[in-house]
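# Fold and geometry: a report
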Amino acid sequence: LGHVMSKPLDHLRVLDMSRILAGPWCGQTFADLGAEVIKVERPGTGDDTRSWGPPFMTDKDGRETDEAAYFLSANRGKKSVTVDITKPKGQNIIHKLAAECDILIENYKVGGLKKYGLDYDSLSRINPRLVYCSITGFGQTGPYSPRAGYDFLIQAMGGLMSVTGEAESRPGGGPQKVGVALSDILTGLYTTIGALSALAMREKTGKGQHVDMALLDVTIASMANQAMNYLIAGKAPTMMGNAHPNIVPYEAYKAADHYIILAVGNDAQFRRFCEVAGRIDLADDTQYATNRGRVENREVLGPILNEIIEAKTRSFWLEELEKVGVPCGPINNLEQIFDDPHVQARGARQEVSHPVAGTLPSVANPIRFSETPIEYAIGPPMLGQHTDEILQSLLSLSEKQIEDLRKQGIV
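Below or above, wherever it landed, is the structure these notes cover. Just so it is clear, the structure is predicted and the values come from calculations on it, not from any experiment.

With that settled, the discussion passes to the sheet that holds strand β11 (residues 328-330). If you walk across this open sheet you meet the three strands as β9-β10-β11, and the pairing is antiparallel. Edge positions in the sheet fall to β9 (250-254) and β11, since each has one partner strand and no second. Within this sheet the neighbouring strands show an average axis-to-axis angle of 25 degrees, counted without direction. Note: β9 against strand β10 (residues 259-263), five bridges, orientation antiparallel. Paired with A252 across the strands is I261, a residue of β10. Along the sheet face, helix α12 (residues 298-310) touches β9 and β10 and points at about 50 degrees away from the line of β9. Lying on the sheet, helix α13 (residues 314-323) is in contact with β10 and β11; it crosses β11 at an angle near 145 degrees.

Here is the structure:
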């Protein structure tokens, strides 16, 4: 009894030297999966996103703190250690920590850590088994590599905005970014996959490697069917609002009271939609009977469907189409999402402990394991919360040595 269930990655230690979102998202994913994640922050200020508010967390007594919700979204389960890496003694601490870690994540500009002796070449000499992940806007090579990369910029340069938003010819048309920093999030996830793959390789060779991740590369890779549509047809896809380049009907429609999403994936579903709508003639029409025909004739079919759907309420469509297995749904805001009984049954909202707030709400990791469920015990750390613990336990420094480092502004 009392045996603590082991976690998939509880044999790993990660040094998270990243800030903002892409790197921290990777680090948080490792923490969720059981790795010990040590987040290195600047003394005094820490990760920039700690101040990216409002909104800010409140403490146990309801007073507002200076911990932004943004930071709390990407740093669950980590230990915060403050180190000034610009000073030789600080660099020495990082050298010793890297010697004890399996993975390092950093998102400094290309070459930014070289002057501190914290680049891959320097650290791999100290720990040849280290998997060193560098996240930048444009990668370690190529003409744009020195540039800073921000998610918004990369969504634009990587093609995502060219296919997001209403058509230029329509009211409110023009390129639009996705409403969340998707290039950052996807880069964090791809970096996790890259790091785990490098660890699998290390199992065979005993050697770590440098993983070069670029937001631009990830965004282009994530263009999926849109990228292939271009490579095969030679024509760049454009903004189509909520419509789909390859499927019709597959977009948002306004019912009598609210919008619904209709996502008809095949011809049998289209026929069942037409039966519910009392317009079986459309399914019998050779122009619309097949998806190919519907895509080719979308300009004519679109207004017909708009008129049909607007005649009835959202609840009519959701209930009747659900009965016949035609995919449709409401457009939820975040309040509606967390109130949804299915979302609640899946445990999307979790509570984590926090030294100042007591407990904090948190959004669950979407991975659901049958044997080793993810636990949400530890919230995001306060700045430098674990400095003493890590320096004592991992580097065997005494309280006096840590006190001296503190006086010198190293930690």
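This paragraph deals with unusual backbone geometry. The residue after G53, namely P54, is reached through a cis peptide bond having omega 5 degrees. Its place among the elements puts P54 in the loop between β2 (36-41) and β3 (56-58). The phi dihedral of S396 falls on the positive side, at around 55 degrees, and the residue is not glycine. With respect to the helices, strands and loops of the structure, S396 is situated in the loop between α16 (387-393) and α17 (399-407).

A few words on the environment of P88. Positionally, P88 belongs in helix α3 (residues 88-99). Overall, the relative accessible area of 65% leaves P88 in the exposed class. Taking C-alpha positions, P88 is 35 Å from L186, a pair spaced 98 residues apart along the chain.

Running from amino to carboxyl end, helix α1 (residues 22-32) crosses helix α6 (residues 182-205) at an angle of 50 degrees, the nearest separation of the two axes being 7 Å. Of the possible angle classes, the one that applies to α1 and α6 is oblique. Taken as a pair, α1 and α6 cross one another with a handedness that is right-handed. Of α6, the residues touching α1 (which contributes A22, W25, C26, T29 and F30) are D184, I185, T187, G188, L189, T191, T192, A195 and L196. In the contact of α1 with α6, the residues fall into eight nonpolar, five polar and one charged.

What counts, and at which threshold
- Residues numbered from 1 in each chain as written.
- Predicted model: local features only at pLDDT ≥ 70, side-chain atom pairs only at ≥ 80, totals over all residues.
- Heavy atoms only, no water.
- Pairing = 2+ DSSP bridges.
- Helix = DSSP H or I, 4+ residues; strand = E, 2+ residues; numbered from the N terminus.
- Axes fitted to C-alpha atoms, helices over the stretch in contact; angles between N-to-C directions.
- Contact = heavy atoms within 4.5 Å.
- Buried < 20%, exposed > 50% of the residue type's maximum accessible area, 1.4 Å probe, protein only.
- Parallel < 35°, antiparallel > 145°, perpendicular 65-115°, else oblique.
- Left-handed = near helix turned anticlockwise from the far one by under 90°.
- Nonpolar A, V, L, I, M, F, W, Y, C, P; charged D, E, K, R; others polar.

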